[in-house]
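Listed below, chain by chain, are the residues.
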Amino acid sequence: MDCKLAVSLMHDYLDDDLAKEQNMMLKAHLQSCADCHMRFKELEQTEMALYSLPRHIPTASKELTERILNTLPKHKEPQIWVKWMKRHPAATAAALFLVVMLLSVINVFNQDSQLVVQGNNLDQIVIEGNTVIVPEGNVVSGDLTIENGKAEIFGDVEGNLTVIDGSLYTASTAQISGQVKSVDQALDWIWFKLSNVFSEIAYR
Ligand SMILES: [Zn+2]
């Protein structure tokens, strides 16, 4: 395996998207390649930093933008950046374009706040306003995905439970056989894009 493929597999691995064989190939490469091993550790730390961020971030884009900018590496001498920007106007324009694009994406995510429920037997759930309830004694077979709403689970979910841009309450009676995942779409998307951009820059 070459290092370029290894890096792309790392991203898939961190997204939980890797088949067993690819997983083993990646592990084998990491054991034999010190560079990739180091790069993988760095990526893992970025991932951990992401998940240690507060789950619920105020919807104001300004605050979100500030938070993201604050997590980026800080430079002691900002003048260096200014000089660099003057010498590389094309790259600066590209970076500005990226920022504008990210901001517009945040706006799209914020505007699109309609409740979306995806699952197999939705007759087992009760929807009140934007709250999705699985009552005690009811069983949802298969995965359940709730977007832009509150999930309150008292019964069983026989699959993965995913809450996107919402909140989750699981009662002590709840039984969820799969993975429980809470996702803040805009933020995850930005991290995904940023980490891709950085790895591309690093391999140029
Ligand atoms: Zn390598």
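Residues numbered from 1 in each chain as written. Predicted model: local features only at pLDDT ≥ 70, side-chain atom pairs only at ≥ 80, totals over all residues. Heavy atoms only, no water.

As annotated in an unreviewed UniProt entry, the chain carries the name Anti-sigma-W factor RsiW and is attributed to Paenibacillus crassostreae. What UniProt records for the chain under Sequence similarities (unreviewed entry) is the sentence "Belongs to the zinc-associated anti-sigma factor (ZAS) superfamily. Anti-sigma-W factor family." (UniProt positions renumbered as here; feature names shortened; annotations may be inferred.)

1. As for the overall build of the chain
Along the backbone of the chain there are seven helices and 11 strands. By the burial criterion, 30% of the 204 residues in the chain qualify as buried. With the model as given, the accessible surface of the chain reaches about 13,300 Å², and the carbon-plus-sulfur share is 56%. (Helix = DSSP H or I, 4+ residues; strand = E, 2+ residues; numbered from the N terminus. Buried < 20%, exposed > 50% of the residue type's maximum accessible area, 1.4 Å probe, protein only. Areas by Shrake-Rupley, 256 points an atom, 1.4 Å probe, with all protein chains shown as cover.)

2. With respect to unusual backbone geometry
Both trends apply: most residues other than glycine have a negative phi, and most peptide bonds are in trans. Even without being a glycine, Asp 16 presents a positive backbone phi close to 65 degrees. You can see Asp 16 is positioned in the loop between α1 (3-14) and α2 (20-32). Overall, Asp 16 belongs to the exposed group, its relative accessible area being 62%.

3. A closer look at the pattern of salt bridges
Close approach of charged atoms allows side chains with opposite charge to pair. For the coordinates displayed, the defined rule picks out one salt bridge. Measuring nitrogen to oxygen at the nearest pair gives 3.8 Å for the salt bridge that ties Lys 41 to Glu 44. With Lys 41 and Glu 44 both in helix α3 (residues 34-52), this residue pair falls three residues apart, about one helical turn. By relative accessible area, Lys 41 is classed as partly exposed at 41%. Glu 44 gets classed as partly exposed once you look at its relative accessible area, which sits at 27%. (Salt bridge = Lys/Arg side-chain N within 4 Å of Asp/Glu carboxyl O.)

4. Describing the UniProt feature "domain: Putative zinc-finger" (unreviewed entry) in the chain
UniProt tags residues 3-37 as "domain: Putative zinc-finger" (unreviewed entry). As a span, residues 3-37 carries 83% helix and 0% strand, and end to end its C-alpha atoms are 10 Å apart.

5. Remarks on the coordination of the zinc ion
Taken together, Cys 3 (SG), His 29 (NE2), Cys 33 (SG) and Cys 36 (SG) make up the full set of protein donors to the zinc ion, lying 2.1 to 2.3 Å away. The site at the zinc ion holds four donor atoms, and with the angles between them running 94 to 117 degrees, its shape is tetrahedral. Between consecutive donor residues of the zinc ion, the sequence gaps follow C-x25-H-x3-C-x2-C. Taking relative accessible area as the criterion, Cys 33 reaches 12% and is therefore assigned buried. (Donors = N, O, S within 2.8 Å, 3.2 Å for Na, K, Ca; no water. Tetrahedral: all angles 85-135°; square planar, octahedral: opposite > 155°, others 65-115°.)

6. Let's talk about the nonpolar core
Membership of the largest hydrophobic core comes to 13 residues, with the highest contact counts inside it found for Val 117, Ile 125, Val 134, Leu 144, Ile 146 and Ile 153. Ignoring anything within four residues of it in the chain, the contact list for Ile 125 reads Val 117, Val 132, Ile 133, Val 134, Pro 135 and Val 140. (Core = buried A, V, L, I, M, F, W, Y, C linked by side-chain atoms within 4.5 Å. Contact = heavy atoms within 4.5 Å.)

7. Let's talk about the sheet that holds strand β5 (residues 144-147)
Read from one edge of the open sheet, four strands run β1-β5-β8-β11, paired in mixed fashion. Whereas interior strands pair on both sides, the edge strands pair on one side only; in this sheet they are β1 (116-119) and β11 (180-183). Here the strands of the sheet are splayed against their neighbours by 10 degrees on average, with no regard to which way each runs. Pairing of β5 with strand β8 (residues 161-164) involves four bridges; the strand directions are parallel. (Pairing = 2+ DSSP bridges. Axes fitted to C-alpha atoms, helices over the stretch in contact; angles between N-to-C directions.)

8. Examining a nonpolar patch on the surface
Together, Met 1, Leu 5 and Met 25 make up an exposed nonpolar region whose accessible area comes to about 260 Å². Mapped onto the secondary structure, Met 1 falls in the segment before α1. Looking at Met 1, the relative accessible area reads 39%, which means it is partly exposed. (Patch = residues over 30% accessible without salt bridge, like charges linked within 9 Å, V, L, I, M, F, W, Y side chains within 5 Å.)

9. Remarks on the packing of aromatic side chains
For any pair of aromatic rings, the description consists of the separation of the ring centres together with the inter-plane angle of the planes. Applying the stated criterion across every chain yields a total of two aromatic pairs. Considering the side-chain rings of Tyr 13 and Phe 40, the 5.6 Å spacing of their centres and the 55 degrees angle between planes classify their relative orientation as tilted. Of the two residues, Tyr 13 sits in helix α1 while Phe 40 sits in helix α3, which places them 27 residues apart along the sequence. Exposure remark for Tyr 13: the relative accessible area of 28% places this residue in the partly exposed category. (Phe/Tyr/Trp six-rings, centres within 6.5 Å; stacked < 30°, edge-to-face > 60°.)

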